[in-house]
Amino acid sequence: MRIFRRGADDRSETTGGGGSSGGGSRCDELATYGVDSNADPAPRAGDYAACEECTALGEHHWAHLRICLTCGHVGCCDSSPRRHATAHFDESGHPVMRSAEPGEVWRWCYVHEVTG
């Protein structure tokens, strides 16, 4: 199951396969953003453990959190009701996020729909 699948009319520009940055796919964004997790931006609201928009709405129910590797926005994932991480990409164009879950360091490129 692909949680982050986007519709055919979206901006998706997949090059090659689909599931990872290896195996023939080329993704300049994953080669640029978040290569060293120690250099990631700090959460702009100061909290890795809360979705910025959900918290502002008084909600505290989300599945998982993602952090934007351009600006540090923390948003809830696409398995969450409001999907604020994807909404942030749609509004900002910031291409790569990383899981903000403890112990996870994988990244996702919204442009090419690949993980790295």
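Our structure is the block above this text.
The following paragraphs examine the structure supplied in this document. If you're wondering where the values come from, they're calculated on a predicted model, not measured in any experiment.

Parameters at a glance
Residues numbered from 1 in each chain as written. Predicted model: local features only at pLDDT ≥ 70, side-chain atom pairs only at ≥ 80, totals over all residues. Heavy atoms only, no water. Helix = DSSP H or I, 4+ residues; strand = E, 2+ residues; numbered from the N terminus. Contact = heavy atoms within 4.5 Å. 1 Å grid on protein atoms, 1.4 Å probe; cavity = no way out; pocket = protein on both sides within 12 Å on 5 of 7 lines; lining within 4 Å. Points joined across faces, edges and corners; volume = space filled by probe spheres on them. Nonpolar A, V, L, I, M, F, W, Y, C, P; charged D, E, K, R; others polar. Pairing = 2+ DSSP bridges. Core = buried A, V, L, I, M, F, W, Y, C linked by side-chain atoms within 4.5 Å. Buried < 20%, exposed > 50% of the residue type's maximum accessible area, 1.4 Å probe, protein only. Lys, Arg positive; Asp, Glu negative; His and termini not counted. Salt bridge = Lys/Arg side-chain N within 4 Å of Asp/Glu carboxyl O. Polar contact = N/O pair within 3.5 Å; in protein donor to acceptor, adjacent residues only side chain to side chain.

Focus on the side chain of His-84
With respect to the element layout, His-84 can be found in helix 3 (residues 84-92). What His-84 contacts, discounting residues up to four positions off in sequence, is Cys-51, Glu-53, Cys-54, Leu-57, His-73, Gly-75 and Cys-76.

Side note on empty space enclosed by the protein
Counted according to the given criterion, the structure contains 1 cavity of 30 Å³ or more. If you trace the largest cavity, you find it lined by Arg-66, Cys-68, His-73, Ala-85, His-88, Phe-89, His-94, Val-96, Met-97 and Tyr-110. Elements supplying a minimum of two residues to the lining of the largest cavity: strand 1 (65-68), helix 3 and strand 3 (96-99). The greatest single-element share of the lining of the largest cavity, amounting to 3 residues, is contributed by helix 3. Residue composition of the lining of the largest cavity, by class: 6 nonpolar, 3 polar and 1 charged.

Describing the pairing of strand 3
One ladder, built from 3 bridges, connects strand 1 with strand 3; its direction is antiparallel. Counterpart to Arg-66 in the pairing with strand 3 is Ser-99. In the sheet, strand 3 pairs with strand 4 (residues 107-109) via 3 bridges, with the strands oriented antiparallel. Its bridge partner lying in strand 4, Val-96 is registered against Cys-109.

Digging into the nonpolar core
Counting 19 residues, the largest nonpolar core has Leu-30, Leu-65, Cys-109 and Tyr-110 as the members making the most contacts within it. Where this core is concerned, the elements lending two or more residues are strand 1, strand 2 (74-76), helix 3, strand 3 and strand 4.

Looking at helix 3
What helix 3 keeps buried is the set His-84, Ala-85, Thr-86, His-88 and Phe-89. For helix 3, the secondary structure elements touched by its buried residues are helix 2 (52-56), strand 1 and strand 2. After helix 3 finishes, the residue Gly-93 shows a positive phi value of roughly 80°.

Here we look at the side chain of Glu-29
As for its placement among the helices and strands, Glu-29 is situated in helix 1 (residues 28-32). It is Arg-26 that comes nearest to the buried, bridge-free Glu-29 among opposite-charge side chains, at 8.1 Å. At 3.0 Å, the side chain of Glu-29 and the side chain of His-112 are in polar contact. Leaving out residues up to four positions away in the same chain, Glu-29 has contacts with Pro-95, Val-96, Cys-109, Val-111 and His-112.

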